[in-house]
Amino acid sequence: MDENEKRARLPFSAPEVIAKLESISEEVLDDAEGEVMSKEKLAIWHPEYANWMIEATPAAPYDGTLDGIVRVQDNMANRRKLLLSVLQDGQQVFTLPVFPRLGCESFTVDDIKPDSDGEVSKSLYIPDSSIQPHPRFPTLTRNIRERRGEKVMISVPAYLDKNTASTLETQAKKILDVDGGNEIVAQLKENSIYMDAMAFGMGAGCLQVTFQSADVTEARLIYDQLAVLGPIMLAMTAASPIWKGILADIDARPCRWNIISASVDDRPREERGLDQSSNGKVLPKSRYSTIDCYISESKLNREHFNDVPIPMDETSYETLLSEGIDSRVSSAYAPLCPL
């Protein structure tokens, strides 16, 4: 945060911050109580996709008691306290899922420019140096773009007011200045915010919860229940109204989730139905998307609930069945295989 300019920018400093956090021993003092923090108040720190992101997990797992549930918020508060303790002057931890000016001009601390001819994302808006240096992240980004045959296409309706037209006109001019710009504009929905990099989706923060089930039967039931509860919780926690500096005209349901889904959409043109497919099959949505069927073995999961047509690779489906995977799970995973 620059108080003089009244401007916020993103620092690409996550690796350095993680190194500082890892150097903090368990003998760290709790400022509030003047006591040594117990392990349950500490955290394990991991790199995430973007160089401005840090993932924190509890140093010790919660248990299944009510006391364990009560400790969750306290643990999160302590993780935030530890993170703030190693930041430089002027740096803050923001809790919005998406930095509102991500992809805008000069959104980085060092004003790093994107390179549309770069080796990884080829984005007009996000420099490759924004990706964490761990090989997993740039490799994943490059592989998705290469399998797709072009950059990802993220299109979000813009909120229309007196200033929107000039903003979208400036966006269009920038797109048309690059090779293939006409094709991008042709695919872009009218009055939409255009984003072209995995960082717009995987650079969004979230609260991630991992469940430990007693067995696979319980895990499958939880999977089905979360398919119903997840969209409700997403709507209740809506907090992503601005993308690339432009106010979006969408509700919570398709906002962050659909953008993440599009940011890692590896389907080539044939699978998206834009070009003729050799087998006539089209995948209607990104592989990283909502589920198509329920998989629980519970008697409450009746067959007529699974009424959505699922395009899939029959060879993969038959292989799963032959290896002892039942039809419900096979139906859920076969669509993820190349058609």
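Residues numbered from 1 in each chain as written. Predicted model: local features only at pLDDT ≥ 70, side-chain atom pairs only at ≥ 80, totals over all residues. Heavy atoms only, no water.

1. What to know about the overall build of the protein chain
What counts here: Under the scheme used here, helices are H or I runs from DSSP no shorter than 4 residues and strands are E runs no shorter than 2 residues, and both carry numbers assigned from the N terminus. Each residue is placed in one exposure class: buried if its accessible area under a 1.4 Å probe, protein chains only, is under 20% of its type's maximum, exposed if it is over 50%, and partly exposed if it falls in between. In what follows, residue pairs with any heavy atoms lying within 4.5 Å of each other are defined as contacts. Shrake-Rupley sampling with a 1.4 Å probe provides the accessible areas, and residues are treated as covered by the protein chains on show and by no other component. The positive count covers Lys and Arg only, the negative count covers Asp and Glu only, and His and the chain ends enter neither. Lys charges are placed at NZ, Arg charges at CZ, Asp charges at CG and Glu charges at CD.
Helices and strands together make up the secondary structure of the protein chain, namely ten helices and eight strands. Dimensions of the protein chain, computed from C-alpha atoms along their principal axes, come out at roughly 65 × 55 × 40 Å. Looking at the protein chain as a whole, 36% of its 339 residues qualify as buried. Long-range pairs, those at least 24 residues apart, make up 66% of the contacts in the protein chain with a sequence separation of at least 6. Accessible area for the protein chain stands at about 19900 Å²; split by element, carbon and sulfur atoms hold 54% of it. Side chains of the protein chain give 36 positive and 53 negative charges; the mean places of these two sets differ by 4 Å.

2. Comments concerning the pattern of salt bridges
Basically, it comes down to this: For this analysis, a salt bridge means a side-chain nitrogen from Lys or Arg found within 4 Å of a carboxyl oxygen belonging to Asp or Glu.
This structure, assessed with the given rule, holds 23 salt bridges. Between Glu271 and Arg147 there is a salt bridge, and its shortest N-O distance comes to 3.3 Å. With Glu271 in the loop between helix H8 (255-263) and helix H9 (314-322) and Arg147 in helix H3 (residues 136-148), this residue pair connects regions lying 124 residues apart in the sequence. For Glu271, a relative accessible area of 7% gives the class buried. Across the salt bridge formed by Asp196 and Lys151, the nearest N and O atoms sit 2.8 Å from each other. Linking Asp196 in the loop between strand E6 (192-195) and helix H6 (199-202) with Lys151 in the loop between H3 and strand E5 (154-157), this pair joins segments that are 45 residues apart in sequence. Across this residue pair, the class does not change: Asp196 and Lys151 are buried.

3. Looking at the pairing of strand E4 (residues 54-58)
How we decide: In short, DSSP must find at least two bridges between two strands for them to pair.
Taken together, the five bridges between strand E3 (residues 43-47) and E4 define a ladder with antiparallel strand orientation. When the bridges of E4 are listed, Ala43 appears paired with Pro58. The turn linking E3 back onto E4 is made up of six residues.

4. With respect to a nonpolar patch on the surface
Spelled out, the test is: Patches draw on residues past 30% relative accessible area with no salt bridge. Two like charges within 9 Å are joined, as are two nonpolar side chains (Val, Leu, Ile, Met, Phe, Trp, Tyr) within 5 Å.
On the surface, Met76, Leu207, Val209, Phe211, Leu226, Val228, Leu229, Ile232, Met233 and Met236 cluster together into a nonpolar patch covering about 990 Å² of accessible area. Considering each element in turn, the nonpolar patch owes the most residues, six residues, to helix H7 (residues 216-236). Structurally, Leu229 is set in helix H7.

5. A closer look at the packing of aromatic side chains
Worth spelling out the cut-off: For Phe, Tyr and Trp, rings pair up if their centres lie within 6.5 Å, where Trp contributes its six-membered ring, and each pair is then called stacked (planes under 30 degrees apart), edge-to-face (over 60) or tilted (otherwise). Two conditions define a charge located above a ring, namely a distance within 6 Å from the ring centre to NZ of Lys or CZ of Arg, and an angle within 35 degrees of the ring normal.
Per the counting criterion, the structure on display carries seven aromatic pairs. Considering the side-chain rings of Tyr49 and Phe137, the 5.9 Å spacing of their centres and the 85° angle between planes classify their relative orientation as edge-to-face. Highlighted residues: Tyr49 in the loop between E3 and E4 and Phe137 in helix H3, separated in sequence by 88 residues. Take Tyr49: its relative accessible area is 3%, and that puts it in the buried class. Three or more aromatic residues joined by ring pairs form one cluster here, namely Phe12, Trp52 and Phe107. In this structure, Lys244 packs its charged tip against the face of Tyr125, placed 3.9 Å from the ring centre.

6. Quick word on the confidence of the model for the protein chain
Quick note on the threshold: Every residue is assigned a pLDDT by the predictor, reflecting its confidence on a scale from 0 to 100.
In this model, the protein chain carries a mean pLDDT of 87, and residues with pLDDT of at least 70 account for 94%. Strand E2 (residues 35-36) is the least confidently modelled element of the protein chain, averaging 49 in pLDDT, while H3 averages 96, the highest of any element.

7. A look at H8
Within H8, seven of the nine residues are buried, which leaves the element mostly enclosed by the surrounding structure. Taken as a whole, H8 has its buried residues at Cys255, Arg256, Ile259, Ile260, Ser261, Ala262 and Ser263. Against the buried residues of H8 lie E5, E6, H6 and strand E7 (242-243).

8. A short note on H3
Short version of the rule: Every helix has an expected span of 1.5 Å times one less than the residues it contains. Taking the helix axis as origin, the arc is that swept by the directions to the C-beta atoms.
With 13 residues, H3 should cover 18 Å at 1.5 Å per step; its first-to-last C-alpha distance of 18 Å lies within 8% of that length. What H3 keeps buried is the set Phe137, Pro138, Thr141, Ile144, Arg145 and Arg148. Burial along H3 is one-sided: seen end-on, the buried residues are contained in an arc of 130°. For H3, the secondary structure elements touched by its buried residues are E3. Following H3 by one or two positions, Gly149 has its phi on the positive side, about 90°.

9. A word on the environment of Arg9
Test applied: Contacts described as polar in this section are N or O atom pairs within 3.5 Å, which, within protein, must combine one atom able to donate a hydrogen with one able to accept it, while residues neighboring in sequence count only if both atoms come from side chains.
Within the secondary structure, Arg9 sits in the segment before helix H1 (14-23). What makes Arg9 partly exposed here is its relative accessible area of 23%. Note: C-alpha distance between Arg9 and Val72 (63 residues apart in sequence) is 30 Å. Dropping the residues within four chain positions of it, Arg9 is found in contact with Asp2, Phe99, Ser106, Phe107, Thr108 and Val109. Side-chain polar atoms of Arg9 contact the side chain of Glu5, separated by 3.1 Å.

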